[in-house]
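Here is how the chains run, residue by residue.
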Amino acid sequence: QVRLVESGGGLVQAGGSLRLSCTESGRTFSIYAMGWFRQAPGKEREFVAGISGIGGGTDYADSVKGRFTISRDNAKNTVYLQMNSLKPKDTAVYSCAVKGGPQIVTSYRVYPYWGQGTQVTVSS
């Protein structure tokens, strides 16, 4: 059974930073692509960032490029999302997800395993 546990959300002022963590248990972590998604009230869940398995390639939504960085520590079965220069429009519930296979996919529909989500609130 795959289990994802997130941490690191909270309240921050605009321009501030947060780092989210997501730890997986249950299978070989390093070979699978992982993604961070977010969902604001009344909006559809959207892709934020992804990191591939094995090679560690990354992909970002245009809205976060240059501000967010995704990384992974395979020894700790953990993926991170470093969020800098946060804006009020970044406010959402952030969730990590893992899929079969090493390639990043930006559609949330192909990710079968999800964390519980962590709230990020950015005040103006």
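Refer to the preceding data block for the structure.
Residues numbered from 1 in each chain as written. Predicted model: local features only at pLDDT ≥ 70, side-chain atom pairs only at ≥ 80, totals over all residues. Heavy atoms only, no water.

Caption draft 1: Highlighting unusual backbone geometry. One non-glycine residue, Asn77, lies in the positive phi region at around 55°. Note on placement: Asn77 falls in the loop between β7 (68-73) and β8 (78-83). The phi dihedral of Ser85 falls on the positive side, at around 50°, and the residue is not glycine. Relative to the helices and strands, Ser85 is located in the loop between β8 and β9 (92-98). Taking relative accessible area as the criterion, Ser85 reaches 40% and is therefore assigned partly exposed. (Helix = DSSP H or I, 4+ residues; strand = E, 2+ residues; numbered from the N terminus. Buried < 20%, exposed > 50% of the residue type's maximum accessible area, 1.4 Å probe, protein only.)

Caption draft 2: Seen up close, the side chain of Arg72. Secondary-structure assignment places Arg72 in strand β7. Look at Arg72: it is buried, it has no salt bridge, and the nearest opposite charge is Glu24 at 5.9 Å. Looking at Arg72, its side chain comes within polar contact range of the main-chain oxygen of Tyr32, at 2.9 Å. A polar contact of 2.9 Å, which involves the side chain of Arg72, links it to the backbone oxygen of Ser52. Those residues within four positions of Arg72 in sequence are excluded, and the remaining contacts are Phe29, Ser30, Tyr32, Ala33, Met34, Ile51, Ser52, Gly53, Thr78 and Val79. (Lys, Arg positive; Asp, Glu negative; His and termini not counted. Salt bridge = Lys/Arg side-chain N within 4 Å of Asp/Glu carboxyl O. Polar contact = N/O pair within 3.5 Å; in protein donor to acceptor, adjacent residues only side chain to side chain. Contact = heavy atoms within 4.5 Å.)

Caption draft 3: Local environment of the side chain of Ser21. Its location among the elements puts Ser21 in strand β3 (residues 18-25). Apart from residues no more than four positions distant in its own chain, Ser21 is found in contact with Val5, Glu6, Ser7, Trp36, Thr78, Val79 and Tyr80.

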